[in-house]
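The lines below spell out each chain.
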Amino acid sequence: MKNLWIAVLLVFIPAILKAQDRSGRSEEIESYKIAYLTQKLDLSPTEAKVFWPIYNEWQKELRGLWSERNKNVISHRKTDEIESLSDNEIHALITNEINYKQRNLNIEKKYYSKLKSSLPLKVVGKYYRAQETFKKELLNRFGRGRNNAGNK
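Throughout what follows, the structure given in this document is the object of discussion. It should be emphasised that the depicted structure is a prediction, and the values quoted were computed from it without experimental measurement.

## Quick look at the packing of aromatic side chains
Tallied over the entire structure, the rule returns 13 aromatic pairs. Between Phe51 and Tyr55 the ring centres are 5.7 Å apart and the planes differ by 25°, which places this aromatic pair in the stacked class. Of the two residues, Phe51 and Tyr55 both sit in helix H3 (residues 45–71), four residues apart, roughly one turn of that helix. Both residues of the pair, Phe51 and Tyr55, count as buried.

Written out as structure tokens, the structure is:
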């Protein structure tokens, strides 16, 4: 069940971040993430000078991809809307989703390569581990917020 929640979070994190942006929470989430990564990675000053520019470039590229994806995905379509689409339009939406996933993977590989060629592999490993634990922390944080709101 825990893996299901993580998978759901991974699928919806771009939409969550976009929705949070409207209420000003995107900046809060990003600040929380930076603080979290800073603590978990415990980078030396030299490592930090290398890591943060790569990380910022990576996030900028991902935000652009997420923004583009949100305009062209089938998962955000309502069932009745899908019913009114032609087979060619549905095919295009699904193909866009597959292409998005491939482009996301290509970005992941690109920045993994940049990180591992610039930093010790143990630091890179700590980053990937921190990314996973951050997703869990974010889910817990927002899950608690929903539960607390329901108890008021």
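## Comments concerning helix H5 (residues 87–118)
The first and last C-alpha atoms of H5 sit 46 Å apart over 32 residues, in line with the 46 Å expected at 1.5 Å per residue. For H5, the set of buried residues is Ile90, Leu93, Glu97, Tyr100, Ile107, Tyr111 and Leu115.

## Overview of the pattern of salt bridges
All chains considered together, the criterion is met by five salt bridges. As a salt-bridge pair, Glu68 and Arg103 come within 2.7 Å of each other at their nearest N and O atoms. On the criterion of sequence distance, the pair formed by Glu68 in helix H3 and Arg103 in helix H5 is long-range, its members being 35 residues apart. On the basis of relative accessible area, Arg103 is assigned to the partly exposed category, the value being 38%.

Procedures and definitions
Residues numbered from 1 in each chain as written. Predicted model: local features only at pLDDT ≥ 70, side-chain atom pairs only at ≥ 80, totals over all residues. Heavy atoms only, no water. Phe/Tyr/Trp six-rings, centres within 6.5 Å; stacked < 30°, edge-to-face > 60°. Helix = DSSP H or I, 4+ residues; strand = E, 2+ residues; numbered from the N terminus. Buried < 20%, exposed > 50% of the residue type's maximum accessible area, 1.4 Å probe, protein only. Expected span 1.5 Å × (residues − 1). Salt bridge = Lys/Arg side-chain N within 4 Å of Asp/Glu carboxyl O.

Limitation: the analysis is restricted to geometry and does not speak to function.
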